[in-house]
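Chain residues, written in single-letter form:
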Amino acid sequence: MRRRFVVAGAVAAALGLAGCGGGITLGFGSGFDDPPSVSLAVSADAAPAGASLRLAADAADDFRVVRVQFWRLEPSGGATLLAEDTSAPYDATTVVPSDGRLTLQLFARAVDDIGQSGDSA
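All of the points below concern the structure found in this document.

Parameters at a glance
- Note on numbering: residues in each chain are counted from 1, in written sequence order.
- Only residues with pLDDT of at least 70 get local features here, since the model is predicted, and only at 80 or more are side-chain atom pairs given and counted; chain-wide, interface and lining totals rely on the full set of residues.
- In computing side-chain values, all of the structure's heavy atoms are included and hydrogens and water are not.
- Counting from the N terminus, the helices are DSSP H or I runs at least four residues long and the strands are E runs at least two residues long.
- Only protein chains enter the accessibility calculation, which uses a 1.4 Å probe; a residue whose area is less than 20% of its type maximum is buried, one above 50% is exposed, and one in between is partly exposed.
- We call two residues in contact whenever any of their non-hydrogen atoms come within 4.5 Å of each other.
- Residue-level accessible areas treat just the shown protein chains as cover; the underlying method is Shrake-Rupley with a 1.4 Å probe.
- Here a polar contact is taken to be a pair of N or O atoms separated by no more than 3.5 Å, where protein atoms must pair a possible hydrogen donor with a possible acceptor and residues adjacent in sequence count only if both atoms sit in side chains.

Let's talk about the overall build of the protein chain
Phase 1 of the analysis: Along the protein chain, the regular secondary structure elements total one helix and seven strands.
Phase 2 of the analysis: Moving toward the C terminus, one meets the helices and strands of the protein chain in the order α-β-β-β-β-β-β-β.
Phase 3 of the analysis: The buried share of the protein chain, reckoned over its 121 residues, is 26%.
Phase 4 of the analysis: Across the protein chain, the fraction of contacts at a sequence separation of at least 24, relative to all contacts at a separation of at least 6, is 59%.
Phase 5 of the analysis: Carbon and sulfur atoms make up 56% of the accessible area of the protein chain, which amounts to about 8,200 Å² in all.

Observations regarding the environment of Arg72
Phase 1 of the analysis: By secondary structure assignment, the location of Arg72 is in strand S3 (residues 65–73).
Phase 2 of the analysis: The spacing of Arg72 and Leu106 is 34 residues in sequence and 4.5 Å in space, taken between C-alpha atoms.
Phase 3 of the analysis: Among all residues touching Arg72, those that are not within four sequence positions of it are Gly78, Ala79, Thr80, Leu82, Pro97, Arg101, Leu104, Gln105 and Leu106.
Phase 4 of the analysis: Looking at Arg72, its side chain comes within polar contact range of the side chain of Glu74, at 2.8 Å.

Here it is in structure tokens:
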């Protein structure tokens, strides 16, 4: 019986607020949380096979970035995870593959505290 009274009171209060133009808005979930943004810088514009490259990412989020991942796009269309860093400054080192490719495509992915992600260009 007490539960019905509490529910009825809550419904009456909500209707009363709605009738006078007032109301209550509560936000839950990711609707009020933007995904992180990230940019990637590489230590060289060109490098021979076997050379080491330093990767540095600048990541930001409206709450908290928990990790930045560094990825290499493969000629087959897939992507290979090269490294992951969980604290700023976000950086990693990778080696240019010696598989005959003529270009190397890299990107960074920032992940926030609720699992949303954003990729660099």
